[in-house]
Amino acid sequence: MLTRREALKGAAIATAIVAAAQLPVKPAMAAATPGNAASLARKKVTLVKPPFVHEHEQVATDGPKVVEFLMTIEEKKIVIDEEGTELEAMTFDGSVPGPLMVVHQDDYVELTLMNPETNSLPHNIDFHAATGALGGGELTLINPGEQVTLRFKATRAGTFVYHCAPGGPMIPWHVVSGMSGAIMVLPRDGLKDDKGRKLSYDKVFYIGENDFYVPRDADGNYKTYDSAGDAYSDTVEVMRGLIPTHVVFNGAQGSLTGDSAMTSKVGETVLIVHSQANRDSRPHLIGGHGDFVWEEGKFDNPPLKDMETWFIRGGSAGSALYTFRQPGIYAYVNHNLIEAVELGATAHFKVEGEWNDDLMTQVAAPGPIATH
Amino acid sequence: MSSVTPRLRFKARLVVALSAAALGAAAFVAYEQIATPAQRQIDAPLTVLIDPGSFRHRLPGEYLKDGKPVDAPSQEVRIDGRIEIMKHQVGLADYRRCVADGVCRAADIKHTTAADVPVTGVSHDDATAYAGWLSKATGARWRLPSDREWAFAAGSRFSDDALGIDEDPANPALRWLADYDKQAALAKASDPGLKPAGHFGANEKGVADLAGNVWEWTSSCYERVRINADGTAIGRIENCGVYVVEGQHRTYMTGFLRDPKAGGCSVGTPPDNLGFRLVRENPGLFSRRWVAGLIRNITG
């Protein structure tokens with residue numbers, strides 16, 4: 001029987017033969033367009049766990065380069081809520097979501113993707129920021145024990161989802177098993193508002209939202225499985241109902257709360273990148289706003305301003321810029337409040353600083369209703 | 001001083017009553033009315049008798065000083081009468097008898113569990129219904145303890161919920177941030193799996209399972225008290241749709257809630273489980289200890 005790898009290899013050879021046979025003779029043009037990546041400087045980036053983001057310049061101080069990334073795929077059991085419900089997850093680099101990559105427009109992203117022997121499934125990656133080959137999916141399918149390196153030119157500025165897409169029904173299953181992340185392609189001269197004035201952030205947070213579909217037994221309790229494969233057919237049944245059992249940030253209910261709440265201070269500007277690889281969401285910062293919001297995620301479009309709640313279409317990543325003006329606790333939620341509170345889509349910010357009485361004050365404390 | 005008294009079977013009580021009459025004592029029966037076997041449905045639960053006393057208590061409720069939230073005062077509270085409180089929380093097996101009698105609603109238990117655990121998934125309304133049923137079944141008057149009674153019985157197991165920070169009336173966020181960190185610390189101790197009665201041990205007064213993983217309804221309502229600069233209360237509003245719940249930490253829960261995850265009034269860490277224990281009103285003229293002593297004297 002032909003393995004998938006052999007089938008792919010065979011297809012590649014066949015395509016090359018056909019292409020060579022049909023090539024018109026054009027002395028000025030090569031068979032494929034290699035571009036100038038070979039001549040560029042290289043930079044290696046070490047990715048960090050969400051919600052944090054690796055060090056990067058907002059305004060590029062040098063020219064386009066090839067930025068090297070390494071991600072290792074890890075199939076692992078994770079706990080997704082405060083009751084201890086388990087999920088057989090598939091992850092980029094061991095986290096749900098996978099880490100945020102940051103480059104500048106016209107940089108080249110060179111990703112080495114590894115699928116260790118300890119995994120049991122083939123995986124690949126589809127970059128929404130890339131052009132061709134199903135986002136790179138056709139060129140990156142790897143079995144356990146294999147690795148592959150893909151390079152693509154980041155031609156468009158914005159935040160974009162990446163996710164695993166191994167083909168057919170495997171695609172939604174891998175995605176709702178946690179296998180997605182995002183990349184931010186900054187304009188070389190940094191972010192700008194609608195008037196072209198410079199915008200910058202003191203801190204950036206990456207919040208990946210995931211919808212999970214965990215099967216339940218006859219008593220209504222969540223089931224556990226020994227492997228993702230064992231969970232597959234039960235999970236597909238729940239998926240087809242289109243109603244998730246969990247909608248979470250950073251891979252688990254409560255994972256960005258308590259000791260892991262994000263922190264800031266009055267006067268600090270944060271950029272919150274929000275991705276949802278599968279399902280619509282509508283983020284809202286309770287007590288705050290989106291000063292500038294790239295809702296669809298692409299920086300060539302002027303940002304929306306003064307946003308109350310913005311829309312992250314399923315299959316995309318957007319971002320919001322906000323400068324904190326009051327101290328206290330802020331909840332960052334998916335503003336379907338059932339999903340926020342019952343299904344887990346809530347994160348917290350702890351913000352220190354002085355209270356601004358002009359922006360808000362309690363004129364009269366609660367007391368009995370006055371009678372005159 | 002407190003004591004634990006053994007259960008007495010019905011016949012032993014009958015003997016005692018007759019003995020008391022025979023001794024020419026005043027013709028009141030032992031503290032429980034003698035019920036005929038047909039009426040008697042369950043043995044009265046194990047209780048602990050706690051002598052009156054006074055203690056320092058962090059009052060429940062929200063306090064506003066000059067209109068700004070502050071920690072509730074800690075006050076010397078006097079408990080005048082003896083308290084007779086259940087040694088254990090009301091058990092699932094006992095609660096199910098109330099359900100079988102058609103008086104109580106089945107507890108909202110998510111996972112099947114052994115029967116020798118405390119009943120959980122019950123609201124304040126459920127606890128009150130059970131107290132009424134138990135009173136009829138035993139011929140005594142049972143009710144939820146007040147917050148003060150619970151704290152007095154809890155002794156060293158009571159948890160002070162004051163934030164204890166430097167107050168800044170100009171910055172309300174300081175209390176919100178301090179409370180957030182406190183709740184985060186409480187959440188780390190969470191261990192909701194139900195354990196058999198007695199698992200969390202008894203305190204210095206002999207009361208078991210206080211501040212374990214089952215929080216307990218009290219009869220005390222949520223209140224907001226306004227105090228002036230020197231601490232004198234100048235106004236008070238009570239909300240009896242919300243009750244004080246005691247356990248590892250104090251919280252407030254709407255009375256009809258059975259699932260603690262539904263949360264109380266705040267974003268605070270919810271209790272692992274909601275259950276309750278009861279106190280017996282008018283701990284008797286002839287306490288069980290007295291009666292047991294009498295039997296020993298009679299039977300030698």
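It should be emphasised that the depicted structure is a prediction, and the values quoted were computed from it without experimental measurement.

Procedures and definitions
Residues numbered from 1 in each chain as written. Chains lettered and ligands numbered in written order. Predicted model: local features only at pLDDT ≥ 70, side-chain atom pairs only at ≥ 80, totals over all residues. Contact = placed C-beta atoms within 7 Å. Helix = DSSP H or I, 4+ residues; strand = E, 2+ residues; numbered from the N terminus. Nonpolar A, V, L, I, M, F, W, Y, C, P; charged D, E, K, R; others polar. Pairing = 2+ DSSP bridges. Axes fitted to C-alpha atoms, helices over the stretch in contact; angles between N-to-C directions. pLDDT = per-residue confidence, 0-100. Domains from an automatic or database assignment.

A. Layout of the interface of chain B and chain A. Tallying the contact residues gives 16 residues for chain B and 15 residues for chain A. Those elements that place two or more of their residues in the side of chain B that touches chain A are α5 (173-188), β9 (215-227) and β10 (233-246) of chain B. In terms of residue count, α5(B) provides more of the side of chain B that touches chain A than any other element does, six residues in total. Class assignment of the residues belonging to the side of chain B that touches chain A gives a composition of 10 nonpolar, four polar and two charged.

B. Broad picture of the sheet that holds strand β17 (residues 290-294) of chain A. Residues and elements named next belong to chain A. The six strands lie next to each other as β13-β12-β15-β19-β17-β18, forming an open sheet whose pairing is mixed. Two strands in the sheet have a free side with no partner beyond their single neighbour: β13 (246-249) and β18 (304-307). The mean angle between the axes of side-by-side strands here comes to 25 degrees, regardless of whether they run parallel or antiparallel. Relative to β13, strand β12 (residues 203-212) runs antiparallel, the two being bridged by four bridges. Within β13, the position partnered with Phe212 by the bridge is His246.

C. Looking closely at the confidence of the model for chain A. For chain A, the mean per-residue pLDDT works out to 92, and 91% of the residues sit at or above 70. Here residues 1-31 of chain A is modelled with pLDDT under 50, and outside its nearest four sequence neighbours on either side it reaches five contacts, counting other chains as well.

D. Representation of the sheet that holds strand β4 (residues 100-104) of chain A within the structure. Read from one edge of the open sheet, four strands run β4-β9-β8-β6 (chain A), paired in mixed fashion. Two strands close off the open sheet at either side, each with one partner strand: β4 and β6 (126-127) of chain A.

E. Geometry of the domain arrangement of chain A. All names here are of chain A. You can read the domains of chain A as domain 1 (40-187) and domain 2 (205-352). For domain 1 and domain 2, the distance between their C-alpha centroids amounts to 19 Å. Each side of the interface is counted separately: domain 1 has 39 residues, and domain 2 has 44 residues. Looking at the side of domain 1 that touches domain 2, the elements that each hand over two or more residues are β2 (66-79), β3 (86-92), β8 (158-163), α2 (170-175) and β9 (180-186). Considering each element in turn, the side of domain 1 that touches domain 2 owes the most residues, five residues, to β8. Of the residues belonging to the side of domain 1 that touches domain 2, the class tally is 23 nonpolar, 10 polar and six charged.

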